[in-house]
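Observations on the three-dimensional arrangement
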Amino acid sequence: MKTYRVEEMDGETIVAVHAAEARTPFEAAERALGLKVTLRAGADRWVRVVDLTERPRPVRLRPATFEFKAIGRRK
């Protein structure tokens, strides 16, 4: 499993931060929020998922980030 930082966003402001271990960024967002998620598509309230898993060299200059929005009810 990989380690992810899940940040709840309001526009460009971070309103909450969670840590999650999951196989995919999509799964990490759902685990951290307890909600179903889908791709962001320009939503004002959204979720940024940052892959914190260490990589062998060559090191990436920036970690991989993914953007989602919460939908539906709590899982």
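In case you missed it, the structure is sitting above this.
Conventions and cut-offs
- Each chain has its residues counted from 1, running along the sequence as written.
- Per-residue local features are limited, in this predicted model, to residues with pLDDT of at least 70; the limit for side-chain atom pairs, both in listing and counting, is 80 or more; totals at the level of whole chains, interfaces and linings are taken over all residues.
- Calculation of side-chain values draws on the structure's entire complement of heavy atoms; hydrogens and water are dropped beforehand.
- Ring pairs are drawn from Phe, Tyr and Trp, using the six-membered ring of Trp, whenever the two centres fall within 6.5 Å, and their geometry is named by plane angle: stacked under 30 degrees, edge-to-face over 60, tilted for the rest.
- Here a strand is any run of E in DSSP of at least two residues, a helix any run of H or I of at least four, and the numbering for each starts at the N terminus.
- Here the term buried applies to any residue with accessible area under 20% of the maximum for its type, exposed to any over 50%, and partly exposed to those in between, with areas from a 1.4 Å probe on protein chains only.
- Working rule: Lys NZ or Arg CZ, within 6 Å of ring centre, within 35 degrees of ring normal, means a charge sits over the ring.
- Contact definition: two residues touch when any of their heavy atoms are within 4.5 Å.
- Should DSSP find at least two bridges between two strands, the strands are regarded as paired.
- Put simply, a salt bridge is a Lys or Arg side-chain nitrogen that is within 4 Å of an Asp or Glu carboxyl oxygen.

Two numbers describe a pair of aromatic rings. These are the distance of the centres and the angle of the planes. Summed over all chains, the structure comprises 1 aromatic pair. Seen in terms of ring centroids, phenylalanine 26 and phenylalanine 68 are 5.8 Å apart; in terms of plane orientation they differ by 75°. Their pairing is edge-to-face. Taken together, the positions of phenylalanine 26 in helix α1 (residues 25-33) and phenylalanine 68 in strand β5 (residues 65-74) put the pair 42 residues apart, joining distant regions of the chain. The class for phenylalanine 26 is partly exposed, based on a relative accessible area of 36%. Positioned over the ring face of tryptophan 46 is arginine 40, at 3.9 Å from the centre of the ring.

This paragraph deals with the side chain of glutamate 7. Within the secondary structure layout, glutamate 7 lies in strand β1 (residues 2-10). In this structure, glutamate 7 is in contact with Ile14, Ala16, Val17, Trp46, Val47 and Arg48, ignoring residues within four places of it in sequence.

Right, let's talk about α1 for a bit. Burial analysis of α1 places 7 of its 9 residues in the buried class, which makes it a mostly covered element. For α1, the complete set of buried residues consists of Pro25, Glu27, Ala28, Ala29, Glu30, Ala32 and Leu33.

Turning our eyes to something else, we now look at the environment of valine 50. Inspection of the secondary structure assignment puts valine 50 in strand β4 (residues 45-51). Looking at valine 50, the relative accessible area reads 3%, which means it is buried. In this structure, the C-alpha to C-alpha distance between valine 50 and phenylalanine 66, residues 16 residues apart in sequence, is 6.6 Å.

Attention now goes to the pairing of β4. Counting buried positions along β4 yields 5 of 7 residues, so the element is predominantly enclosed. Where β1 and β4 come together, 7 bridges link them in antiparallel fashion. Opposite tyrosine 4, over in β4, you have aspartate 51 as the bridge partner.

Inspection of every chain in the model, using the stated rule, returns 7 salt bridges. We note a salt bridge from glutamate 27 to arginine 23, for which the minimum N-O separation is 3.3 Å. We classify glutamate 27 as buried; its relative accessible area is 14%. Ionic pairing is found between glutamate 27 and arginine 31, a salt bridge with its closest N-O pair at 2.9 Å. Of this pair, glutamate 27 and arginine 31 are both found in helix α1, 4 residues apart, which corresponds to roughly one turn of the helix.

Scope: geometric values only; no functional claims are made or implied.
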